[in-house]
Amino acid sequence: MSLHGQYDDQNIFAQIIRGEAPCYTLYEDEHVLAFLDVFPQSYGHTLVIPKRSAARNILEIDADSLSKMMVVVQKLTAVLVAELAPVGVQVAQFNGAPAGQTVFHIHMHIVPRFEGEALAVHAGGKAEPQALAALQARLLQRMAG
Ligand code: 5GP
């Protein structure tokens, strides 16, 4: 799978959207889902995906779905900054395996950056479920407040 190809509806994010695989949801509406990355590159690493677009990458997504996704990216970036107080935030998106894409349902990464902390390996070590659940609760509380 790379830059060009068929959408595979068995990819992990399609399974998450259908409720067939779990996730630590931070935000959901009719069009967009946001959840914690379980192999985080930093504390608070969040993914935002369109729910109704079978697009593998930025070349395939329709403008309306892209816009709706980006509005949520901006909102959640603000939540992460307010709650976790990083010194910077990376917002990234990869297209094709040579560019670093490993899941072929388009998604945006929001990666808070902390002073003196290097990024963990991309799609590397799995976070502890308890730590992810605690972080999810913290961020949901921030959004509710
Ligand atoms: P990509 O490499 O395609 O830009 O990013 C895919 C991201 O999905 C990686 O950061 C990886 O850690 C994350 N990821 C892979 N499998 C799962 C999963 O089952 N659940 C969650 N929440 N994230 C996943």
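In the block above lies the structure referred to throughout.
Below is a summary of the structure that appears in this document. Predicted model, so just to flag it, every value in this text is computed and none were measured.

Looking at the site of the ligand
In the vicinity of the ligand there are 18 residues, among which Asp37, Thr102, Val103, His109 and His122 approach most closely. Measuring from an oxygen atom of the ligand, one finds a backbone N or O atom of Gly100 at 2.9 Å. Between the ligand and the protein, one listed contact pairs an oxygen atom with a side-chain N or O atom of His109 at 2.8 Å. Protein burial of the ligand: of its 520 Å² of free accessible surface, 91% is covered by the chains. Elements supplying a minimum of two residues to the shell around the ligand: α1 (12-17) and β2 (32-36). Its residues assigned to classes, the shell around the ligand shows ten nonpolar, seven polar and one charged.

Things to note about the packing of aromatic side chains
Taken as a whole, this structure holds one aromatic pair when the rule is applied. Their ring planes at 75 degrees and their centres at 5.5 Å tell us that Phe13 and Phe35 sit as a pair that is edge-to-face. Of the two residues, Phe13 sits in helix α1 while Phe35 sits in strand β2, which places them 22 residues apart along the sequence. Of the two residues, Phe13 and Phe35, neither departs from the other in class, the shared state being buried.

Some words on the packing of helix α2 (residues 63-84) against helix α3 (residues 129-144)
How two helices sit against one another is set out by the angle between their axes and by the gap between those axes. Packing of α2 against α3 leaves a shortest axis separation of 10 Å and a crossing angle of 105 degrees. Relative to α3, the element α2 is oriented roughly perpendicular. Seen from α2, the contacting residues are Leu76, Val79, Leu80, Ala82, Glu83 and Leu84; seen from α3, they are Leu135, Arg138, Leu139, Arg142 and Met143. Here the residues of the contact of α2 with α3 sort into eight nonpolar, no polar and three charged.

Here we look at the side chain of Ser65
Tracing the chain through its elements places Ser65 in helix α2. On the accessibility criterion, Ser65 (16% relative accessible area) is buried. Leaving out residues up to four positions away in the same chain, Ser65 has contacts with Pro50 and Ser53.

Calculation criteria
- Residues numbered from 1 in each chain as written.
- Predicted model: local features only at pLDDT ≥ 70, side-chain atom pairs only at ≥ 80, totals over all residues.
- Heavy atoms only, no water.
- Near = heavy atom within 4 Å.
- Polar contact = N/O pair within 3.5 Å; in protein donor to acceptor, adjacent residues only side chain to side chain.
- Areas by Shrake-Rupley, 256 points an atom, 1.4 Å probe, with all protein chains shown as cover.
- Helix = DSSP H or I, 4+ residues; strand = E, 2+ residues; numbered from the N terminus.
- Nonpolar A, V, L, I, M, F, W, Y, C, P; charged D, E, K, R; others polar.
- Phe/Tyr/Trp six-rings, centres within 6.5 Å; stacked < 30°, edge-to-face > 60°.
- Buried < 20%, exposed > 50% of the residue type's maximum accessible area, 1.4 Å probe, protein only.
- Axes fitted to C-alpha atoms, helices over the stretch in contact; angles between N-to-C directions.
- Parallel < 35°, antiparallel > 145°, perpendicular 65-115°, else oblique.
- Contact = heavy atoms within 4.5 Å.

The quantities given are spatial measurements derived from coordinates; they are silent on function.
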